[in-house]
Amino acid sequence: MTAMTTTAAPAVAAPAGHVGPLATLRQTMTLAWRSLVQVKHNPWELLDLSIQPIMFLLLFTYVFGGAISGSTGDYLQFALPGLLVQNALFYTLSTAIGLNTDITKGVFDRLRSLPIARTAPLSGRIIADTAKQVWAFALLVGFGMILGFRVETSVIGLLGALALLVVVALAMSWMSVLIGLKASSPEKVQMIAFSTMMPLTFTSSALVPSQTFPEWLRVWSDINPVTHLADAIRGLLIGGEVAHASMISLLWAAGFAVVFAPLAIRAFRVRV
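- For the protein, an unreviewed UniProt entry supplies the name Transport permease protein and the organism Planomonospora sphaerica.
- Listed under Sequence similarities (unreviewed entry) in UniProt, the entry text for the protein is "Belongs to the ABC-2 integral membrane protein family."

Written out as structure tokens, the structure reads:
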């Protein structure tokens with residue numbers, strides 16, 4: 001009779017799909033922190049986040065302000081809420097470019113080999129970019145106040161504007177995420193996403209009153225989601241109608257999330 005020996009099978013890490021909710025949340029926050037810490041090693045990202053909004057604010061106020069409103073001060077009061085919206089939506093492009101860069105450079109391949117939730121890298125990137133949105137909002141409002149902008153409502157209105165802007169930008173970022181996952185390179189992401197966001201913002205009431213548009217363009221501007229968001233932010237900061245514009249903005253946000261979030265998540269699972 002021969003003795004039989006058995007050896008224990010090596011432990012196998014649990015598949016990423018079996019990661020629990022708390023562990024998924026912890027991993028998401030860890031990867032979000034990773035994205036934020038990268039700013040320290042890549043100061044140009046912080047400069048882009050800081051300089052571009054200020055540059056747009058100065059250019060629109062002092063180049064176009066007098067022609068549009070007759071006074072740079074009056075135009076600043078009108079345009080700053082719209083510039084907040086424009087900057088928030090443009091910054092969703094950074095989410096798309098960052099995701100595409102991580103994927104094309106193999107960062108997601110290395111993360112996929114770890115026993116972490118597969119959605120954690122995607123969620124972490126979105127949360128980190130949302131935190132950067134808060135920084136850009138504070139910077140733009142603060143610099144605008146140095147130039148003469150005044151919040152004519154209250155601190156609650158200011159915080160409400162920030163909350164609404166973050167919610168809508170977060171929902172609309174799913175469209176950018178989908179573009180970032182589908183495009184073959186960061187350059188193509190930038191080209192496609194910029195070509196989408198530019199018409200949305202410049203055919204709205206964010207920077208000029210829509211009453212000056214031709215009739216056919218005004219019809220589109222009146223249903224443009226950027227118009228409703230800019231009107232809501234303007235009302236929260238300097239007064240005016242808020243409830244209707246905010247409700248329409250939230251409905252648009254829900255629509256973007258319902259349509260693009262599932263498509264983006266499916267594209268993410270296919271690509272990584």
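That shown, we press on.
**Some words on the overall build of the protein**
Alright, step 1. Counting secondary structure elements, the protein contains 10 helices and zero strands.
Alright, step 2. Its helices and strands taken in sequence order, the protein reads α-α-α-α-α-α-α-α-α-α from the N to the C terminus.
Alright, step 3. Along the first, second and third principal axes, the C-alpha set of the protein runs to 105 × 40 × 35 Å.
Alright, step 4. Looking at the 272 residues of the protein, the share that counts as buried comes to 46%.
Alright, step 5. Sequence separation of 24 or more characterises 79% of the internal contacts of the protein that already satisfy a separation of 6 or more.
Alright, step 6. On the protein, roughly 14,000 Å² of surface is accessible, and the fraction owed to carbon and sulfur atoms is 70%.
Alright, step 7. Charge centroids of the protein, computed over 17 positive and 12 negative side chains, lie 16 Å from each other.

**Considering helix α7 (residues 186-202)**
Alright, step 1. Spanning 17 residues, α7 covers 24 Å between terminal C-alpha atoms, matching the ideal 24 Å at 1.5 Å per step.
Alright, step 2. Here the buried face of α7 lies against α3 (72-104), α6 (155-182), α8 (215-223) and α9 (225-238).

**A short note on the environment of Ser-205**
Alright, step 1. Its place among the elements puts Ser-205 in the loop between α7 and α8.
Alright, step 2. Sequence separation of Ser-205 and Gln-38 is 167 residues, and the distance between their C-alpha atoms is 35 Å.
Alright, step 3. Not counting residues up to four positions away in its chain, the partners in contact with Ser-205 are Phe-78, Ser-210, Ser-221, Thr-227, Asp-231 and Arg-234.

Reading the values: the criteria
- Residues numbered from 1 in each chain as written.
- Predicted model: local features only at pLDDT ≥ 70, side-chain atom pairs only at ≥ 80, totals over all residues.
- Heavy atoms only, no water.
- UniProt positions renumbered as here; feature names shortened; annotations may be inferred.
- Helix = DSSP H or I, 4+ residues; strand = E, 2+ residues; numbered from the N terminus.
- Buried < 20%, exposed > 50% of the residue type's maximum accessible area, 1.4 Å probe, protein only.
- Contact = heavy atoms within 4.5 Å.
- Areas by Shrake-Rupley, 256 points an atom, 1.4 Å probe, with all protein chains shown as cover.
- Lys, Arg positive; Asp, Glu negative; His and termini not counted.
- Charge placed at Lys NZ, Arg CZ, Asp CG, Glu CD.
- Expected span 1.5 Å × (residues − 1).

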